[in-house]
Amino acid sequence: MEILLPTYHFTLFFFFFLPLMASSLLAGADPFSDALLRFKSELIDDSNSLQNWLLPPHPDSAGIRISACSWTGIQCNSNSSAVIAIDLSGKNLRGSLAGDQFPVFSDLLSLNLSHNAFSGHLPPGIFSLTALKSLDISRNNFSGRFPPGIPKLKNLVVLDAFSNSFSGPLPADVSQIETLKILNFAGSYFSGPIPPAYGSFRSLEFLHLAGNFLAGNLPPELGNLTTLSHMEIGYNSYDGEIPPQFGDMSELQYLDIADANISGAIPDHLCNLTKLESLFLFKNYLHGSIPRQLSKLAAIKSLDLSDNLLSGTIPDTFSDLKNLRLLSLMYNDLTGAVPPAIAKLPELDTLLIWSNSLTGSLPQDLGLHSKLQHVDVSTNYFVGAIPAGICSGGELLRLILFSNNFTGGLHPSLSDCSSLIRLRLEDNSFSGDISLPFRNLSRLSYLDLSRNQFAGGFPNNIVKASALEYFNVSYNPIAGVIPIELWSMPNLRNVSAVSCSLSGNIPEFRRCRSVSVVELSSNFLLGKIPESISGCTSLVRVDLSNNSLKGSIPEGLAALPNLSVLDLSQNRFDGAIPTKFGASTSLKLFNVADNDLSGLIPLNPNFENMDRSAFTGNPKLCGAPLRACHRENVISSGFKLGSRKAQKVAWILILCAAIVLVLLAAVFAILYVERIGKGRWKLVAFDGLPRLTVDDVLRSVDRGEAMGMCKIVSSTGITVTAKKIEWETKEMKAALASLARIANVRHKNLLRLLGICYNKRVAYLLYDYTSNGSLDERIGDMKDWEAKCSVITGVAKALSFLHHDCNPAIPHGDVKSSNVLFDGNMDLRLAECGLDSIVKSSSSSKRRKTSACGASTTTRDGIRKDVYDFGELIFEVLTNGRADVTEEEIMRDVAEKSGGGGGGEGVEVAVEVAVLCRRSRPSMAEVVKLLSSGLR
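None of these values were measured; they are calculated from a predicted model.

## Some remarks on the overall build of the protein chain
Inference 1: For the protein chain, the count of helices and strands is 14 helices and 52 strands.
Inference 2: Of all 936 residues assigned to the protein chain, the portion counted as buried reaches 52%.
Inference 3: Long-range pairs, those at least 24 residues apart, make up 54% of the contacts in the protein chain with a sequence separation of at least 6.
Inference 4: For the protein chain, the accessible surface area stands at approximately 39,900 Å², while carbon and sulfur atoms represent 54% of it.

Here is the structure:
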């Protein structure tokens, strides 16, 4: 028996253990591939990007070769004995990571998981990759606190965690990595102060902490970073001033502390940064004068001190900044003249000094010594003429001079501006004829000359400006007639010539398929509206009011598919209103007051929502919303009231109506009893509420108890809008307090909350009445770029006001197209401000007190949600409501396919802002600034 035992062991090994080992080899082949396959099993690979992560049927029997070396994103060393790099960036991967597999990759030098949708906590196991030199987890959705243990990566050179959802404090222990050169924690939810330990990095060259919730004082210890060349720490909310020690970062080339709530004066010590090329301190509370010593920044190329509280003059020492390309001092309180030396800066291409109190003339040699591209000096007190050489560099794209006191004519000052895209001269004192060399302005798309003293007739050669989209000469005594060729311009979309003393007939509309806005009110136009207007299918707004037009209203005008606003008031039109207007679903504002129209107003639900003043001044006109028509008029059934047959039908109709009234009375009684059961009704009126009673509100809302908006009309004809909210009795006090705060918010782009009609369980919020519908109703037909631009900027300004001008800030909470409304003048009103938290509180099964501003964390989250939702809204506007468009598709196609509305460079700016809102969630103040400068 003892002799047979070794044989037994050998047999057992051969027939049992050896097959198990072979099976293990075939299953995993090598520990690296096996770990990667387990890693893959944790992921959701929607695009099947890792489809070739498969083991071969016959792995290397020697066990040296790594199967994964040929897989997507995997890089091995020269003899394929170890994995040294994993690059899964942009693979559309998602899911949370356990990180158990990382210890296998002891030789890994680079790990790139960026541009995916990974979520959950960052696994601490990632810090077992002790050989790692580069770790990129940017543009994902990792959340929670940044895990401890990062100092284990003692060889790390690059740490990029940009654009995630990390919260809590910044990890101070990262400063222990002596080899680190690039650190990017921007675009998350980190809070608290910047750790003073961040001033102890030995090799750091790039530091990016912008776009978080960082607070506290800026640590002066950052001045010890003598190897740092790039620092972005803005878009946070710090306390105090810029430490003068920041001037000790001798290698610094780029410094951005924009939109960071910093105050105080600009430290003179910053002038020691002799290698600095870019300095961005805009959107803060910096005060005092601009230091003359900034002229020591000899390498500076971009200097942006805009949107602060700076006063005094522009230093004449700026003449020493020979490398300066961008000078932005807008939105301050600067006074005095622009130093003549500014015009001599050889590299200057962008000068933005609008919204100050600057005086005097612009330097007369501005444009002669550099290739200017963007000049905006609007909203100051400048006088004199446009510098004759403003376009000498041949690259000027935007010249914005509006709201000043400029005088003189246009020619020959602008004769060399062939590169010009946008020219805004409105609200000045320019005079003479409009003698622009339009043949040379082949790129000009936006021209506003309104509110000046131009005369000499309508410019006939304007048709030579083939790229022109927007043309406004309103409020100038130009006189003359409208050239017939105007309507055939290939890209023209907006024509505004209000109060220009124009005379003659409106010329025939020829090939006007692109024109969407025609404003010719308050002139001396005669004759009829040409029937050819029916071919202008892109028309959205037509204002011909206050002229001497006569004849009948063309039937073709009523058939225009996109017409939303039509104002024909104060003319001499006669005859009936075309019945086709009754079938129009796009028409939201219709005004034919003060004409000689007669007959029945066509039945159109939109007309019922319009004020009766839109039809007054026509004594022979009848029907809703005016007086009822007399018996001799034809009733809608088609019978004459005088016939015996019609009388029988009338009695039947009367009987039916009586039955309906009885039923309605019964329903009213039931609802009234139900209301009494809920408690007595009260009406709280805020500033601006018209004379309404509780009965006015309840009588109107009886027609519908929906949670949406409904129209309230008082017995005196006053109209408001009501929105219903329900709550538990115990929630009433808190909700009323929140609503009272919302009612105090006033902005031209916000819908006013006028009052509240409520009992213990139900409230009707009373708002200004908006007669022209919402954006989601109009968005499919919004072809005009100026209309889109107006919506985007209007919503942005409203949100910026809520976020930055209300204290504490108010998140809107529900930014979407159905909450963007248009009043009777087509002005934008953002509705339901701050209601989201109240509605959620009152509808939740777990009742809890919620205010419009909420706790600080809730407020921050709400604000960031608003910014993201605004980015979504921009895409929706640009694509006319399409919801299935990816970011990549929009970036590629929207400039050509955004409804055919043009916009050119402005569309590109809007897309960039939308992408920024979705990815980085900048402040709305910065968004407004970007839109203002890019869409101007």
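## Thoughts on the state of the cysteines
Inference 1: Taken as a whole, this structure holds 4 disulfides when the rule is applied.
Inference 2: Sulfur-sulfur distance for the disulfide between cysteine 69 and cysteine 76 comes to 2.0 Å. On the sign convention where negative means left-handed, the S-S torsion of about -100 degrees between cysteine 69 and cysteine 76 marks this disulfide as left-handed.
Inference 3: Cysteine 76 gets classed as buried once you look at its relative accessible area, which sits at 13%.
Inference 4: Note on cysteine connectivity: cysteine 622 is disulfide-linked to cysteine 629, with sulfurs 2.0 Å apart. Given an S-S torsion of about 90 degrees, the disulfide between cysteine 622 and cysteine 629 has right-handed geometry.
Inference 5: Accessibility expressed as a relative area gives 26% for cysteine 629, which makes it partly exposed.

## As for the sheet that holds strand 10 (residues 165-168)
Inference 1: With mixed pairing, the 7 strands of this open sheet are ordered in space as 1-4-6-8-10-12-14. Because the sheet does not close on itself, it has two edges, and the strands there are strand 1 (44-45) and strand 14 (213-214).
Inference 2: For strand 4 (residues 93-96) and strand 6 (residues 117-120), the ladder comprises 3 bridges, and the chain directions are parallel. When the bridges of strand 6 are listed, serine 96 appears paired with serine 119.

## What about the packing of aromatic side chains?
Inference 1: Scanning the model with the defined rule gives 24 aromatic pairs in all.
Inference 2: Relative to phenylalanine 102, the ring of phenylalanine 39 has its centre 6.2 Å away and its plane inclined at 55 degrees; by these criteria the two rings are tilted. Taken together, the residues span a long stretch of sequence, with phenylalanine 39 in helix 2 (residues 31-41) and phenylalanine 102 in the loop between strand 4 and strand 5 (110-112) at a distance of 63 residues.
Inference 3: The exposure class assigned to phenylalanine 39 is buried, which follows from its relative accessible area of 6%.
Inference 4: Each ring, one from phenylalanine 127 and one from phenylalanine 146, has its centre 6.2 Å from the other, and the planes form 40 degrees; the classification is tilted. Of this pair, phenylalanine 127 sits in the loop between strand 6 and strand 7 (134-136) while phenylalanine 146 sits in the loop between strand 8 (141-145) and strand 9 (158-160), and the two are 19 residues apart along the sequence.
Inference 5: Judged by relative accessible area, phenylalanine 127 falls into the buried class, the value being 1%.
Inference 6: Three or more aromatic residues joined by ring pairs make a cluster, and in this case those are Phe118, Phe127, Phe142, Phe146, Phe166, Phe185 and Phe190.
Inference 7: When the ring centre of tyrosine 475 is taken as reference, the NZ or CZ atom of arginine 451 above it lies at 4.3 Å.

## Details of the sheet that holds strand 49 (residues 753-758)
Inference 1: Read across the sheet, 5 strands follow the order 46-49-50-48-47 without closing on themselves; strand pairing throughout is antiparallel. At either margin of the open sheet sits one strand with a lone partner, and together these are strand 46 (682-685) and strand 47 (709-713). Ignoring strand direction, the axes of neighbouring strands in this sheet form an average angle of 30 degrees.
Inference 2: Taken together, the 5 bridges between strand 47 and strand 48 (residues 719-726) define a ladder with antiparallel strand orientation. Bridged to isoleucine 712 within strand 48 is valine 720.
Inference 3: The sheet strands contacting helix 6 (residues 694-701) are strand 46, strand 47, strand 49 and strand 50 (762-768), and the helix crosses strand 47 at an angle near 130 degrees.
Inference 4: The strands touched by helix 7 (residues 732-743) are strand 49 and strand 50; relative to strand 49, the strand with the most contacts, the crossing angle is about 160 degrees.

## Describing the side chain of threonine 721
Inference 1: Of note, threonine 721 is situated in strand 48.
Inference 2: The buried category is assigned to threonine 721, whose relative accessible area is 8%.
Inference 3: Those residues in contact with threonine 721 that lie beyond four places of it in its chain are Met709, Cys710, Leu765, Leu766, Tyr767, Asp768, Tyr769 and Thr770.

## Concerning the environment of phenylalanine 875
Inference 1: Looking at the element boundaries, phenylalanine 875 is found in helix 11 (residues 856-878).
Inference 2: The spatial distance from the C-alpha of phenylalanine 875 to the C-alpha of valine 911 is 7.2 Å, given a sequence separation of 36 residues.

## Some words on the pairing of strand 48
Inference 1: Burial analysis of strand 48 places 6 of its 8 residues in the buried class, the great majority of the element.
Inference 2: In terms of strand pairing, strand 48 meets strand 50 through 7 bridges, oriented antiparallel. Its bridge partner being in strand 50, lysine 723 is matched across the sheet by leucine 765.

## A word on the pairing of strand 21 (residues 309-312)
Inference 1: By the bridge criterion, 3 bridges tie strand 19 (residues 285-289) to strand 21 in an arrangement that is parallel. Its bridge partner being in strand 21, serine 289 is matched across the sheet by serine 311.
Inference 2: Looking at chain direction, strand 21 and strand 23 (residues 333-336) are connected through 2 bridges and run parallel. Bridge pairing in strand 23 links glycine 312 to leucine 334.

## A closer look at the environment of valine 701
Inference 1: Relative to the helices and strands, valine 701 is located in helix 6.
Inference 2: Taking relative accessible area as the criterion, valine 701 reaches 0% and is therefore assigned buried.
Inference 3: Residues valine 701 and lysine 711, spaced 10 residues apart in sequence, show a C-alpha to C-alpha distance of 7.9 Å.

## A short note on helix 7
Inference 1: The first and last C-alpha atoms of helix 7 sit 16 Å apart over 12 residues, in line with the 16 Å expected at 1.5 Å per residue.
Inference 2: Within the span of helix 7, buried status applies to Ala735, Leu736, Ser738, Leu739, Ile742 and Ala743. Seen from one end, helix 7 has its buried residues packed into an arc of 165 degrees, which puts them on one side.

## Overview of the confidence of the model for the protein chain
If pLDDT is low for a region, its predicted coordinates should not be looked at in detail.
Inference 1: Here the protein chain averages 83 in pLDDT, while 83% of its residues score no lower than 70.
Inference 2: A low-confidence stretch, residues 1-28 stays under pLDDT 50, and its non-local contacts, those more than four residues away or across chains, total 13 contacts.
Inference 3: The low-confidence segment residues 842-855, where pLDDT is below 50, has 30 contacts with residues more than four positions distant or belonging to other chains.

## Focus on the pattern of salt bridges
Inference 1: Evaluated as defined, the whole model comprises 15 salt bridges.
Inference 2: The partner of glutamate 178 in a salt bridge is arginine 202, and the shortest N-O contact between them spans 3.9 Å. Of this pair, glutamate 178 sits in the loop between strand 10 and strand 11 (182-184) while arginine 202 sits in the loop between strand 12 (189-192) and strand 13 (206-208), and the two are 24 residues apart along the sequence.
Inference 3: When its relative accessible area of 59% is taken as the criterion, arginine 202 is described as exposed.
Inference 4: Here aspartate 365 makes a salt bridge to lysine 344, at a shortest N to O gap of 2.9 Å. You can see aspartate 365 sitting in the loop between strand 25 (357-361) and strand 26 (374-376) and its partner lysine 344 sitting in the loop between strand 23 and strand 24 (350-352), a full 21 residues away along the chain.

## Some points on the side chain of glutamate 926
Inference 1: Structurally, the position occupied by glutamate 926 is in helix 14 (residues 924-934).
Inference 2: For glutamate 926, a relative accessible area of 6% puts it in the buried group.
Inference 3: Residue contacts for glutamate 926: discarding those within four places in its chain leaves Tyr235, Asp259 and Phe282.

## Some thoughts on unusual backbone geometry
Inference 1: Put simply, alanine 624 and proline 625 share a cis peptide bond, and its omega is 10 degrees.
Inference 2: As for its placement among the helices and strands, proline 625 is situated in the loop between strand 45 (620-622) and helix 5 (644-678).
Inference 3: The backbone of alanine 479 sits at a positive phi, close to 60 degrees, despite the residue not being glycine.
Inference 4: Position of alanine 479 among the secondary structure elements: in the loop between strand 34 (470-472) and strand 35 (494-496).
Inference 5: The phi angle at glutamine 570 is positive, at roughly 55 degrees, despite the residue not being glycine.

Rules behind the numbers
- Residues numbered from 1 in each chain as written.
- Predicted model: local features only at pLDDT ≥ 70, side-chain atom pairs only at ≥ 80, totals over all residues.
- Heavy atoms only, no water.
- Helix = DSSP H or I, 4+ residues; strand = E, 2+ residues; numbered from the N terminus.
- Buried < 20%, exposed > 50% of the residue type's maximum accessible area, 1.4 Å probe, protein only.
- Contact = heavy atoms within 4.5 Å.
- Areas by Shrake-Rupley, 256 points an atom, 1.4 Å probe, with all protein chains shown as cover.
- Disulfide = S-S within 2.5 Å.
- Pairing = 2+ DSSP bridges.
- Phe/Tyr/Trp six-rings, centres within 6.5 Å; stacked < 30°, edge-to-face > 60°.
- Lys NZ or Arg CZ within 6 Å of the ring centre and 35° of its normal.
- Axes fitted to C-alpha atoms, helices over the stretch in contact; angles between N-to-C directions.
- Expected span 1.5 Å × (residues − 1).
- Arc of directions from axis to C-beta.
- pLDDT = per-residue confidence, 0-100.
- Salt bridge = Lys/Arg side-chain N within 4 Å of Asp/Glu carboxyl O.

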